[in-house]
Amino acid sequence: MAFWRKKKKTEETSINDAPLPQGEVVEAVEETIDAVEAAVEVIADTAAELAEEMSTAPEEEAEEIPENIEVEAPEETPILVEAYKSLDALGDEAESEDEAEKTGWISRLSGGLSKSSQKIGQGLGDLISKKKLDHETLEALEDILITADLGPALAARLVGELESDRFGKDITEQEIKEYLADKITAILKPCARGLEMKAPETTNIQGKKSPRVILVCGVNGVGKTTTIGKLAHQMHFKAGKKVALGAADTFRAAAVEQLQIWAERTDSVFVSKDQGADAAAVAFESYQKSMDEGADILMIDTAGRLHNKQHLMAELEKIIRVLKKHDENLPHEVLLVLDSTTGQNAITQVETFKSLVNVTGLIVTKLDGSAKGGVVVALAEQFGLPVYAIGVGETVEDLQPFKPEDYAKALVGLEL
């Protein structure tokens, strides 16, 4: 990810970029404006020459020179008026779309984290019945943060810092929320990065350009395959990338079928084999086909059977070993998808997968169905891994780049 800020489209675009409108109308507008600007320059030059002649004229002729010389501005023709209107309309429309998208995401984020924010907010509302911050209030606040899945250690640290700053002083519910939001934002900021989509500059052992390879891991049921599909949709339709998808979770037939549907929706290259086939063979062929088809990005789905950790470890190691036969730098990213509803168990999952593969970033899903949104803060505090995106719903637009300040405010119930 660098997921999730609108920019002008460049060759190296991110998933948030959108193409600018082009066409004959815009070209005609630009040509008309160029012509008008050229005419204005000619008029200005003529006026300057006339002024110079006046300044060098003999004194006896000075009285014959008019005191004021008016140069008529070019008439605003209908086509010029429409040209300026068209450009204004384009700018207004772009600003309107940007604002609508931003407002829509803020609404989805606030709604998605409502269960977590209600737990914290309601707890604070019941808690702050006194004006001064005492030990009883601090202990209750620590319990609230633990139930929101920030974890005991982090909850104790945040409450301890609040005690040092404000113990025995007057404090309001709003002030506590603002304090928590600031502290949480500081913890989350180092983990907010965009998922890189730029193809690597180096060539592989075949001397060919390599796509960016992203290996996607996660236990069954976390929304891994759906997350891959949503990423592919945004990469293709927003960033203009050609995507390839490899169905290396050959244990579940449903996962292969689901990924194929996403491939069709996103016009992605798709590679799969029969159920039970060698996952490493799927990965190998996916890479080869993505190169042949000129794909920019290859995402490979993998199995997530943690109940058979030894087998999973062997499978993931083989996939990586086979990919490195193409290019020693593969995979470029190893994403771990986590289900927020599992709460503190997500920390165990990160520890487990980190022992199997080199996890380079996280995507946290299903925040809309959980009162455990604080687990993202606990993950950031403990592992410091990039959080590329978060999911707060079922639609494609409900998976968005991670923005620490917005997340922190929504988590504690502050207005965005």
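Since we're looking at a predicted model, the values are computed, not measured.

About the thresholds
Residues numbered from 1 in each chain as written. Predicted model: local features only at pLDDT ≥ 70, side-chain atom pairs only at ≥ 80, totals over all residues. Heavy atoms only, no water. Helix = DSSP H or I, 4+ residues; strand = E, 2+ residues; numbered from the N terminus. Buried < 20%, exposed > 50% of the residue type's maximum accessible area, 1.4 Å probe, protein only. Salt bridge = Lys/Arg side-chain N within 4 Å of Asp/Glu carboxyl O. Phe/Tyr/Trp six-rings, centres within 6.5 Å; stacked < 30°, edge-to-face > 60°. Lys NZ or Arg CZ within 6 Å of the ring centre and 35° of its normal. Pairing = 2+ DSSP bridges. Axes fitted to C-alpha atoms, helices over the stretch in contact; angles between N-to-C directions. Contact = heavy atoms within 4.5 Å.

**Student:** Residues and numbers for the overall build of the protein chain, please.
**Tutor:** Along the backbone of the protein chain there are 13 helices and 8 strands. When each of the 416 residues of the protein chain is scored for burial, the buried share is 44%.

**Student:** Mind laying out the pattern of salt bridges, listing which residues take part and the relevant values?
**Tutor:** Within the structure shown, the criterion is met by 13 salt bridges. Where Glu-293 meets Lys-242, a salt bridge forms, and the shortest distance between an N and an O atom there is 4.0 Å. With Glu-293 in the loop between α9 (279-292) and β4 (297-301) and Lys-242 in the loop between α7 (224-237) and β2 (243-247), this residue pair connects regions lying 51 residues apart in the sequence. Under the relative-accessibility criterion, Lys-242 is labelled partly exposed at 32%. For Glu-405, the salt bridge goes to Lys-409, with nearest N and O atoms at 3.6 Å. Highlighted residues: Glu-405 and Lys-409, both in helix α13 (residues 404-412), separated by 4 residues, approximately one helical turn.

**Student:** Describe in detail unusual backbone geometry, supporting the description with residues and values.
**Tutor:** That bond from Leu-330 to Pro-331 is cis: its omega, -10°, falls within 30 degrees of zero. Position of Pro-331 among the secondary structure elements: in the loop between α10 (309-323) and β5 (333-339). Even without being glycine, Asp-149 reaches a positive phi, approximately 70°. Along the polypeptide, Asp-149 turns up in the loop between α4 (135-147) and α5 (152-166). Even without a glycine there, the phi angle at Lys-366 is positive, about 60°. For Lys-366, the position within the fold is in the loop between β6 (361-365) and α12 (375-383). Looking at Lys-366, the relative accessible area reads 33%, which means it is partly exposed.

**Student:** Could you give me a rundown of the packing of aromatic side chains, with the residues and numbers involved?
**Tutor:** Following the criterion strictly, the structure yields 1 aromatic pair and no others. Taking the centre distance of 5.4 Å and the plane angle of 65° together, the rings of Phe-402 and Tyr-407 count as edge-to-face. Tyr-407 sits in the buried class, given a relative accessible area of 1%. In this arrangement the basic side chain of Arg-265 is found over the ring face of Trp-262, its NZ or CZ atom lying 4.8 Å from the centre.

**Student:** Pulling in residues and values, what's your account of the sheet that holds strand β1 (residues 212-217)?
**Tutor:** Pairing between sheet strands relies on hydrogen bonds along the backbone, with the strands arranged either parallel or antiparallel. Spatially, 8 strands are ordered β3-β2-β4-β1-β5-β6-β7-β8 in an open sheet, and the strand pairing comes out mixed. Two strands close off the open sheet at either side, each with one partner strand: β3 (269-271) and β8 (399-401). Going across the sheet, the axis of each strand differs from the next one's by a mean of 20°, ignoring polarity. Relative to β8, strand β7 (residues 387-391) runs antiparallel, the two being bridged by 3 bridges. When the sheet's bridge partners are listed, Ala-389 is paired in β8 with Pro-401. Where helix α11 (residues 345-356) meets the sheet, it contacts β1, β5 and β6, and its direction lies at approximately 155° from that of β5.

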